[in-house]
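Here is how the chains run, residue by residue.
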Amino acid sequence: MGCSPGKLDEPATKAALGAITKEYPVRMPCLPGDVLVSGNLPEHVVGQLADHCKGWIYVNPDSDPHFMPQAIKSKGSKLEVVPFKPAKDLSSGVVDQLVKAIADMPRPLMIQCTSANRAAIALLLWLARERGYTRGSAELLISDLSLDTVRPDAAQWLSSRLPDLETPENPRVLVPSPEVQQLFDVETSTFSYLLSCPETSEAVLIDPVLEQKERDLKVIKNLGLTLKYVINTHCHADHITSGGKIREDMPSVKTIISEASGAKADLHIRHGDKISFGNLCLEVRATPGHTDGCVTFLLQTKSASFAFTGDTLLIRGCGRTDFQQGDARLLYKNVHEQIFTLPGETFICPGHDYKGRSISTVEEERRFNPRLTKSVEEFVQMMENLGLPYPKQIDVAVPGNMMCGVQDSPWDHLAI
């Protein structure tokens with residue numbers, strides 16, 4: 001192809017590489033967008049691909065007869081050999097070396113093995129380390145990225161190396177920010193989030209579950225944190241918040257919910273408000289649709305951006321819109337205008353997941369969310385015909401969450 005290394009999404013590059021993928025075991029997954037995977041290739045094809053790839057990782061031994069270092073190096077590509085074969089007894093050192101090589105090599109990057117099976121697994125391993133994926137998240141990406149070269153045994157090995165959703169007692173630190181910890185309630189499949197400022201140890205707790213109150217307070221105590229706020233993304237219908245009970249035990253803690261929710265709390269927030277804790281702050285974005293009081297919280301740490309979307313946007317899904325003043329058209333509008341306009345690398349931290357998945361990104365959901373990639377009319381029609389049963393706890397949870405367990409005279413809206 002005879003052109004200099006460039007971005008893989010440039011039209012000429014995509015066309016040239018597309019022709020190769022039709023004939024040879026080369027795949028261009030759209031995420032992260034600057035990494036290719038391939039199997040054995042003729043020397044002239046290796047040279048053509050090296051025209052585009054500034055980095056090249058070979059995961060077979062350098063004694064392999066299909067290894068063509070001269071064809072790679074002659075184009076100026078940086079080459080590293082990291083033999084990698086998924087096996088039960090594979091040392092963590094090999095995995096660490098491979099992940100580090102993928103992280104450090106220049107882009108665009110080629111990862112090559114015999115059939116593009118292990119190369120794809122290597123890419124997924126790196127993504128899992130970078131983004132904090134659980135088994136369910138990685139399995140989903142194999143399908144979404146159309147990595148058809150991955151064999152079932154290799155996918156099973158990958159799953160065995162990744163965490164499942166943790167037990168209720170153990171929070172997960174979301175990579176790459178130690179400021180964000182994810183907690184899970186198995187009974188309601190609810191995620192809660194503990195956010196803390198490293199410099200001041202002030203913390204906030206988002207969407208806590210009443211039955212997990214003691215667990216959450218134990219985590220906060222063990223980490224030496226000072227809880228400032230308990231915050232809810234909306235008035236939940238599937239569990240009762242622990243905000244009121246935490247406030248009884250810790251009177252200095254204030255509860256927060258949106259003004260539009262109509263629920264009681266110490267502080268009420270609107271679109272554009274800031275919630276400060278230590279040297280960090282959450283930006284409030286109104287995202288009604290699931291309920292009329294839903295909000296999304298945005299957090300920027302030193303190393304990553306997060307959107308805590310509650311039930312508005314889930315991993316490859318969204319909250320239902322058939323009760324609590326739900327409005328499918330409004331949900332669609334707010335997701336597209338308030339969340340999908342965020343940078344693609346922003347982490348999506350949902351309020352629930354029912355399939356063992358932990359986290360997503362704006363780019364993933366913009367591309368792969370089967371509901372919100374439809375037209376607005378198709379989306380509205382689909383949401384009107386879901387036929388879901390009402391949440392089991394709705395008759396208890398909604399009245400309880402409307403009260404939030406706080407004073408009879410909550411403070412009016414103010415900047416905090």
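Rules behind the numbers
Residues numbered from 1 in each chain as written. Predicted model: local features only at pLDDT ≥ 70, side-chain atom pairs only at ≥ 80, totals over all residues. Heavy atoms only, no water. Buried < 20%, exposed > 50% of the residue type's maximum accessible area, 1.4 Å probe, protein only. Helix = DSSP H or I, 4+ residues; strand = E, 2+ residues; numbered from the N terminus. Right-handed = clockwise from strand over helix to strand, strands pointing away. Pairing = 2+ DSSP bridges. UniProt positions renumbered as here; feature names shortened; annotations may be inferred. Domains from an automatic or database assignment. Contact = heavy atoms within 4.5 Å. Buried area = accessible area lost by both parts, 1.4 Å probe. Salt bridge = Lys/Arg side-chain N within 4 Å of Asp/Glu carboxyl O. Expected span 1.5 Å × (residues − 1).

An unreviewed UniProt entry lists the protein chain under the name Metallo-beta-lactamase domain-containing protein, with Durusdinium trenchii as the source organism.

A. The arrangement of the pairing of strand β11 (residues 254-258) in detail. For β11, the buried fraction is high: five of the five residues fall into the buried class. Taking every second residue as pointing to the same face, both faces of β11 are buried, with K254, I256 and S258 on one and T255 and I257 on the other. Crossover handedness for the path strand β10 (residues 226-231) to helix α9 (residues 243-249) to β11: right-handed. Where β11 lies against strand β12 (residues 267-269), three bridges are found, and the strand directions are parallel. Each bridged residue has a counterpart across the sheet, and for I256 the counterpart in β12 is L267.

B. Structural view of the UniProt feature "domain: Metallo-beta-lactamase" (unreviewed entry) in the protein chain. According to UniProt, the "domain: Metallo-beta-lactamase" (unreviewed entry) feature falls on residues 189-352. This span, residues 189-352, is 18% helix and 35% strand, and a straight line between its end C-alpha atoms measures 6 Å.

C. Spotlight on the environment of E187. Within the element layout of this structure, E187 appears in the loop between β7 (180-185) and β8 (190-196). On the accessibility criterion, E187 (71% relative accessible area) is exposed. Placed 187 residues apart in sequence, E187 and K374 show a C-alpha to C-alpha distance of 31 Å.

D. Seen up close, the environment of G244. Mapped onto the fold, G244 is located in helix α9. With a relative accessible area of 5%, G244 lands in the buried category. Linking G244 and D266, residues 22 residues apart in sequence, is a C-alpha distance of 9.9 Å.

E. Just the domain arrangement of the protein chain, in detail. Annotation of the protein chain at the domain level lists domain 1 (11-161) and domain 2 (180-402). Facing the 13 residues of domain 1 at the interface are 13 residues of domain 2. When domain 1 packs against domain 2, close to 990 Å² is buried across both sides, 61% of that on carbon and sulfur atoms. Taken as a group, L31, R131 and L140 account for 40% of the area that domain 1 buries against domain 2, more than any other trio of residues on that side. Linking domain 1 with domain 2 are two salt bridges.

F. Molecular detail of helix α1 (residues 11-23). Here α1 spans 19 Å end to end across 13 residues, near enough to the 18 Å set by a 1.5 Å rise per residue. Three or more residues of α1 are buried, namely T13, A16, L17, G18 and I20. In this structure, the buried residues of α1 make contact with β1 (26-27), β2 (35-38) and α2 (43-50).

G. Spatial organisation of unusual backbone geometry. That bond from L31 to P32 is cis: its omega, 5°, falls within 30 degrees of zero. Mapping P32 onto the fold places it in the loop between β1 and β2. Omega for the peptide link from R107 to P108 comes to -5°, which places this bond in the cis form. Among the structural elements, P108 can be located in the loop between α4 (92-104) and β5 (109-112). For S189, which is not glycine, the phi dihedral falls at a positive 55°. With respect to the secondary-structure elements, S189 resides in the loop between β7 and β8. Classification of S189 as buried rests on a relative accessible area of 13%. The backbone of S201 shows a phi angle near 65°, a positive value even though the residue is not glycine.

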